[in-house]
Amino acid sequence: SAPRLDVITIFPDYLAPLDLSLIGKARESGLVDVRVHDLRAVATDRHRTVDDSPFGGGAGMVMRPDVWSRAIEATAAGSDGSAGSHGGAEPDPREVVVLVPTPSGAPLTQATAQRLADELAAPDVRAVVACGRYEGIDARLVPALREHDGVRRVEEFSLGDFVLNGGEVAALALLEAVVRLLPGVLGNPDSIVEESFSDAAVLEYPVYTRPADWDGRAVPPVLLSGDHGAVARWRRAQSLTRTVERRPDLLDLLAVADLDRRDLDV
Ligand code: 6GU
């Protein structure tokens, strides 16, 4: 069975881009099974309520833990109000990793995405992304899920230090980061190898294509030299310079031994 990721949201249409491009093609060719569910499908009252005002007062609304718990259980059981092409109610014995986008979460990294891709490539693990809106989900949900049978892990993640209205865009970002790492999805695995070579330790070097002279702007001559060693050294220097200038924080992650080996080798 293909790696499976479910997304639960009150705005299934927000996830429409999952039909497009790389993820859309991967889904069509059966390399990944992505399903989107409407949280309101498990709301019980006439108005399909999923939120309420915060205890203790304050602005905004908080999403109800009972509704969320039911939705995640139903999704994990395989029964669904799927907005995708599959409508099956077949039980799925796989353990679930629950992913919760929130600005209070741990920063999403390539290592996180790679770990998820590795887990999902095995047949016994699946992922459920729980997209909150409003002021967030009742704080009891995550600890309760962690005690739930069949829940392997609950991970709260953030895209960075800025505020989105809800988790949907973050879910899209996470899915794109993970799905492209799944076996067979990327046409050219070299680009993944090259990325993991740098593995968030240094930034990518700048790239160029034709025309070699564009409006008086020349491509760096070394790239036209045919000297592969010189090109590799130039690119590595560009990567390191860019990283020092733009993301000095990343240099802390670059092991000195690794830096020495790599930069003596090229
Ligand atoms: Cl994951 N969620 C929300 N609501 N806002 C964010 C975010 C996530 N990451 C950055 N801002």
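It should be emphasised that the depicted structure is a prediction, and the values quoted were computed from it without experimental measurement. (Residues numbered from 1 in each chain as written. Predicted model: local features only at pLDDT ≥ 70, side-chain atom pairs only at ≥ 80, totals over all residues.)

Asker: Pulling in residues and values, what's your account of the packing of helix H1 (residues 21–28) against helix H5 (residues 168–179)?
Answerer: The interhelical angle for the contact between H1 and H5, taken along N-to-C directions, is 60 degrees, at an axis separation of 10 Å. Compared by their axis directions, H1 and H5 come out oblique. Seen from above, H1 lies across H5 with left-handed handedness. Residues Leu-22, Ile-23 and Ala-26 of H1 form the contact with H5, whose own contacting residues are Leu-175, Glu-176 and Val-179. Each residue belonging to the contact of H1 with H5 can be placed in one class, and the counts come to five nonpolar, no polar and one charged. (Axes fitted to C-alpha atoms, helices over the stretch in contact; angles between N-to-C directions. Helix = DSSP H or I, 4+ residues; strand = E, 2+ residues; numbered from the N terminus. Parallel < 35°, antiparallel > 145°, perpendicular 65-115°, else oblique. Left-handed = near helix turned anticlockwise from the far one by under 90°. Contact = placed C-beta atoms within 7 Å. Nonpolar A, V, L, I, M, F, W, Y, C, P; charged D, E, K, R; others polar.)

Asker: Hey, could you go over the UniProt feature "binding site: S-adenosyl-L-methionine" (unreviewed entry) in the chain for me, with residue numbers and the actual values?
Answerer: Residues annotated by UniProt as "binding site: S-adenosyl-L-methionine" (unreviewed entry) correspond here to Gly-132, Leu-159, Gly-160, Asp-161, Phe-162, Val-163 and Leu-164. With respect to the helices, strands and loops of the structure, Gly-160 is situated in the loop between strand S7 (151–158) and H5. Judged by C-beta crowding, with 9 C-beta atoms within 10 Å, Gly-160 ranks as exposed. Excluding residues within four positions of it along the chain, Leu-164 makes contact with Val-169 and Ala-170. (UniProt positions renumbered as here; feature names shortened; annotations may be inferred. Buried ≥ 20, exposed ≤ 12 C-beta atoms within 10 Å, placed from the backbone.)

Asker: Break down H5 for me, citing the residues and quoting the values.
Answerer: Over its twelve residues, H5 extends 16 Å from the first C-alpha to the last, a length consistent with the 16 Å expected when each residue adds 1.5 Å. Taken together, the buried positions of H5 are Glu-168, Ala-170, Ala-171, Leu-172, Leu-174, Leu-175, Val-178 and Val-179. (Expected span 1.5 Å × (residues − 1).)

Asker: Give a description of the domain arrangement of the chain that names residues and reports values.
Answerer: Here the chain is partitioned into domain 1 (4–179) and domain 2 (201–265). Between the C-alpha centres of domain 1 and domain 2 there is a distance of 38 Å. (Domains from an automatic or database assignment.)

Asker: Residue-level account of the sheet that holds S7, with values.
Answerer: Here five strands make up an open sheet; going across it, the order is S2-S1-S6-S5-S7 and the pairing parallel. Each edge of the open sheet carries a strand with a single partner, namely strand S2 (33–38) and S7. Pairs of neighbouring strands in the sheet enclose a mean axial angle of 25 degrees, with direction left out of account. Examined bridge by bridge, strand S5 (residues 95–107) and strand S6 (residues 125–130) share five bridges and lie parallel to one another. In the sheet register, Leu-99 faces S6, and the bridge partner there is Val-129. (Pairing = 2+ DSSP bridges.)

Asker: Describe the site of the ligand, and please don't skip the residues or the numbers.
Answerer: Neighbouring residues of the ligand: 14 residues in total, closest Pro-101, Pro-103, Leu-159, Leu-164 and Ala-170. Within the residue set of the shell around the ligand, elements represented by two or more residues are S5 and S7. Looking at the shell around the ligand, the element that brings in the most residues is S5, giving four residues. Grouping the amino acids of the shell around the ligand by side-chain chemistry returns eight nonpolar, six polar and no charged. (Near = placed C-beta within 6 Å.)

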